[in-house]
Amino acid sequence: MQAQILAPAAMLVVWTLIVMLWIIPSRFGAIARVEDKSTLPRKQGVRGADLEGVIPDKANWPAHNHTHLHEQPTLFYATVLILAVMGPAALDVTLAWIYVGLRIIHSLWQILVNTIPVRFGLFLASSIALIVLAVRAVMATAFADPTAI
């Protein structure tokens, strides 16, 4: 069961890398289409945030989502590792896959459509799955039998 709980985390890592690669054609394609190149940042050490308002918003959406994949999912990774160590139940594995599935759908929605009500609903649903997983991780550790070691 330990490997099964780690599979959703591995999938989310791969998905995060896919979104990272998605940034490249999105931003560079938008930069190439800018007619007035004088509007592009000229300073040394330009960051993605410097392109806000310079290229179309949609070209920045993959980068925005990539940032999101480095926020709440970090709690997911920690929770999954705790459950892997403690011995996850089938429900934990199912919840982990639900979380990852919702995060992938959230990513696709944010990158391709990006309407807030649907995006928030997906975020909320994935957050509920993560909260349940986190509570189960607390229960698995706080109520573990220390004499079993």
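What counts as what
Residues numbered from 1 in each chain as written. Predicted model: local features only at pLDDT ≥ 70, side-chain atom pairs only at ≥ 80, totals over all residues. Heavy atoms only, no water. Helix = DSSP H or I, 4+ residues; strand = E, 2+ residues; numbered from the N terminus. Buried < 20%, exposed > 50% of the residue type's maximum accessible area, 1.4 Å probe, protein only. Expected span 1.5 Å × (residues − 1). Arc of directions from axis to C-beta. Contact = heavy atoms within 4.5 Å. Salt bridge = Lys/Arg side-chain N within 4 Å of Asp/Glu carboxyl O.

As for the environment of Ala125
Mapped onto the elements of the fold, Ala125 is located in helix H5 (residues 116-142). For Ala125, a relative accessible area of 32% translates into the label partly exposed. Note: C-alpha distance between Ala125 and Asn60 (65 residues apart in sequence) is 24 Å.

Points about helix H2 (residues 57-68)
For H2, spanning twelve residues, the distance from its first C-alpha to its last is 16 Å, which sits close to the expected 16 Å at 1.5 Å a residue. Within the sequence span of H2, burial applies to Ala59, Asn60, Trp61, Pro62, Ala63, Asn65 and His66.

Points about helix H3 (residues 73-86)
Spanning 14 residues, H3 covers 20 Å between terminal C-alpha atoms, matching the ideal 20 Å at 1.5 Å per step. Among all positions of H3, only Pro73, Phe76, Thr79, Val80, Leu83 and Ala84 are buried. For H3, the arc enclosing every buried residue in end-on projection is 140°, short of the 170-degree limit, so these residues lie on one face. Summarising the geometry of H3, the exposed residues directed more than 90 degrees from the buried face are Leu75, Leu81 and Val85. Considering only its buried residues, H3 is in contact with helix H1 (2-33), H2, helix H4 (90-112) and H5. Just past H3, the residue Gly87 takes up positive phi, approximately 95°.

With respect to the pattern of salt bridges
Within the structure shown, the criterion is met by one salt bridge. Among the ionic pairs, Asp92 bridges to Arg136, the shortest N-O distance being 2.3 Å. Of this pair, Asp92 sits in helix H4 while Arg136 sits in helix H5; the two residues are 44 residues apart in sequence, bridging distant segments of the chain.

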